[in-house]
Amino acid sequence: KPQQPRRLCKVRVGGLEDLAMASQARQRKGKVPNNPPEIDVDLPESSAVARIVAGQPTPRSTLGSPLTSHATYKRSGVGDLGAGPRRHISLSQVELVPWLCCMAPAIFLFATYFTVLSSVLCSAFLAEIVTAALTFITWLWISNLSLASFAGVFKMRQAGSVDWHSLLHQMPADARAGVKHIVLLPNYMESEKMMKETLDNLARSRLARSCVHVVLAMEAREGQPGRDKAERIMAEKKHLFADIFATYHPQGLPGEVAGKSSNTQWAFREALRRYGTSLSKRDLSRVFLTVADADTLLHPQYLSAMTYQGLLMDKEERSWTIWQPPVLLVRNIFSVPALTRTSSHAALIFELATLASQHIFPAFAYSSYSMTLALASHPEVDGWDVDVIAEDHHMYCKCYFAALWELSHAKKEHVKQAGEENDTIDLIPQVKVQAIFCPAVSYLVESTEGYMASLFARFQQARRHTQGLVELGYVFLQWFRLSSSVGFLKIPWRTHFSIAMIAAKMHTIHVIAVAQCFALILLSITQLLPRAGRFASWILEGGFREIFQELSSSWSGMNGAEQALLTAIGQISGIMLLYSLTCAMVVGDMVEGTYYANAESKAPISSSMAIDPVAEGDEVQLNERAAVSSNPAERLEMPGMLEGRRSWPWRIGLFFYVYADTMLSGYPACCAWGMVPGMMAGWSLLRRGTDFEYIVAMKPE
């Protein structure tokens, strides 16, 4: 690719009216900031790291918007006691367009609900048409997911059979020089035992003792017990890694939502301060950042596989890549309620399918993922935003548009210097999600207080997940700003289509799927229940001899919309059989340990040196490291399940077990974990904007 010129400009503050409105909003909340300094928004990544180490501001730490050429003072409203501060990126700017984009997802959601409700009240036939249309779209979506996830099963089996660390070790020493890993583990009120298990599993990587630096991202609001817990964990596990330290995210920082994203950003900056002097002299595309939940067990070969595949890329491609393992919520799948277990099946299908096939819809970062420090510290990214809920999807979208903004800046700078446009600089997508089919496993939400408490905990988690609805508005705003800055027709149609697919995927998840469930419920109440009553009366009066004839005549007497409706409610189709088969295959493979055939590499442990910490007295001596036990006392991936080959009758029984979950609990789960929380999220968005509450999920002890 031709060398692209870099843009040098100063951040401009908006017009006088915008400044006055923003200032008044801040004064009402009692939070008036100092005037921000002018900052070069095109700092090299190494310079951005140096600024953080020196305690100086970076573009996004001063002005919250990624759209630096349009940025104004950010607004930070204060929510009620159950919500965090108002987001301050661009959806909360005191402007008309950000407000419209912020409201758009909720408007789409309730407009669809209103259409369904109106059709049911006006005409039975119209209701059947609307429901059939929503069902058709949903089943096209599920069909694509089922087929792609089925292929993903074999990709996971293939990845599990490869000794990735051996492949990495076979690369020339200079090709793998300078590789470092920083693992961020944001957590709050998590079990100490579970966190130790997570670290024990992470230490199974052959890179752990040489170049894995662990950051325990604690919340200061845990108080002294949280600090004591972190100290005990570090004292017990420090010999397993190149370095391990804890950060304590302060409570109540202005403009922040207490949650994973703000905690991750605090830990990210603290890690740069600790290692910044050394990192500023390195190739940041060879320094990998991994974010993982406190209960997530990364595959022992995941870091090696990611490093190997990353080093095969050139520097530019590696710098714009996000690596994602399939996240399987199966550690306690047999002990949770059926409604919760059904959501695990859906998450498995969704995540595995999006990684296995990205021909139409792109894959998003989800839960546990990795990227280079070059991307995370890019001036248009500058780490994680501190006022969002869906930190993973939001980070993907921010990185995606950051690449497009950099290209637009380069194009404008070339016009300024040369006086003509450079046709070799096209605004085409640069960021991609690279699948690493070494699975990461996590717990499902489960309470120790019993069945109903577990269901309530799952509902609380679903409320947080559905708050990701607002990210659809974030995509709209970024799209609008980019088109306004560059020109809609000057952006390639390939890029427009790619952005549209991101929006379409979010719309399908948060609007179409739940609206279809809503339509089925209404139509079932108004159309099928009366028929079911007459059918039950006929059985009691006439016996069972003509039941099959009646079923046949009833089916033939239905129109196409009614047949599609009955099929959807009954979950009887080849696609749902494939859906259940895929879930059963993955769960069976996890029980048998198929994906961990080469978990323990035969290659020697890497001897590369660790990053030198900035803090004195924290230097790491590799020769003092104790060996990691190769025989863990218990199996961490599937607690209580013996590893080994199962019989065919057991696998067939597992299939019917999953199929029963899908058939009996599929739509109840969609209603409980999708429709109801989604309506609450949409209503909250209309009433309070982005004043959302981050709800912590309960995990088993």
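This text follows the structure it describes.
As the structure is a prediction and not an experimental result, all values here were calculated from the model.

A. View of the overall build of the protein chain. Scanning the protein chain from N- to C-terminus turns up 22 helices and 9 strands. A burial count over the protein chain gives 58% of its 701 residues as buried. By sequence separation, contacts in the protein chain at least 24 residues apart represent 84% of the contacts at least 6 residues apart. If you sum the accessible surface of the protein chain, you get close to 28700 Å²; carbon and sulfur atoms cover 60% of it.

B. Broad picture of a nonpolar patch on the surface. Taken together, the side chains of Ile107, Phe108, Trp683 and Leu686 make up a nonpolar region of the molecular surface, amounting to roughly 390 Å² of accessible area. Secondary-structure elements contributing two or more residues to the nonpolar patch are helix 4 (96–122) and helix 22 (648–688). Within the secondary structure layout, phenylalanine 108 lies in helix 4. The partly exposed category is assigned to phenylalanine 108, whose relative accessible area is 34%.

C. Molecular detail of the side chain of lysine 260. Its place among the elements puts lysine 260 in helix 10 (residues 260–279). By relative accessible area, lysine 260 is classed as buried at 11%. Among the polar contacts made by the side chain of lysine 260, one reaches the main-chain carbonyl oxygen of serine 367 at a distance of 2.7 Å.

D. Expanded view of the sheet that holds strand 5 (residues 321–324). Overall, mixed pairing links the 7 strands, which are arranged 3-2-1-4-7-5-8 in an open sheet. Each edge of the sheet is formed by a strand with only one pairing partner; in this case those strands are strand 3 (243–249) and strand 8 (432–435). Taking the axes of each pair of neighbouring strands and ignoring which way they run, one obtains an average angle of 25 degrees across the sheet. Bridge count for strand 1 (residues 180–186) against strand 2 (residues 212–219) is 6 bridges, and the pairing is parallel. Residue pairing in the sheet places valine 183 in a bridge with valine 214 of strand 2. Along the sheet, helix 7 (residues 192–202) contacts strand 1, strand 2 and strand 3; its crossing angle with strand 2, the most-contacted strand, is approximately 165 degrees. Against the sheet, helix 10 makes contact with strand 1, strand 2, strand 3 and strand 4 (287–291), and its axis sits at roughly 135 degrees relative to strand 3, the strand it touches most.

E. Geometry of the pattern of salt bridges. If you walk through the whole model with that rule in mind, you get 25 salt bridges. Across the salt bridge formed by lysine 432 and glutamate 317, the nearest N and O atoms sit 2.6 Å from each other. Here the residue lysine 432 occupies a position in strand 8, and glutamate 317 occupies one in helix 12 (residues 315–319), the gap between them amounting to 115 residues. Overall, lysine 432 belongs to the partly exposed group, its relative accessible area being 29%. Under the relative-accessibility criterion, glutamate 317 is labelled partly exposed at 31%. In this structure, aspartate 589 and arginine 651 form a salt bridge, with 3.1 Å as the shortest nitrogen-oxygen distance.

F. Summary view of the pairing of strand 5. Burial of the side chains of strand 5 extends over both faces: Thr321 and Trp323 are buried on one face and Ile322 and Gln324 on the other. As defined by bridge partners, strand 5 adjoins strand 8 across 4 bridges and the pair is classed as parallel. Looking at the pairing, tryptophan 323 lines up with glutamine 434 of strand 8.

Rules used throughout
Residues numbered from 1 in each chain as written. Predicted model: local features only at pLDDT ≥ 70, side-chain atom pairs only at ≥ 80, totals over all residues. Heavy atoms only, no water. Helix = DSSP H or I, 4+ residues; strand = E, 2+ residues; numbered from the N terminus. Buried < 20%, exposed > 50% of the residue type's maximum accessible area, 1.4 Å probe, protein only. Contact = heavy atoms within 4.5 Å. Areas by Shrake-Rupley, 256 points an atom, 1.4 Å probe, with all protein chains shown as cover. Patch = residues over 30% accessible without salt bridge, like charges linked within 9 Å, V, L, I, M, F, W, Y side chains within 5 Å. Salt bridge = Lys/Arg side-chain N within 4 Å of Asp/Glu carboxyl O. Polar contact = N/O pair within 3.5 Å; in protein donor to acceptor, adjacent residues only side chain to side chain. Pairing = 2+ DSSP bridges. Axes fitted to C-alpha atoms, helices over the stretch in contact; angles between N-to-C directions.

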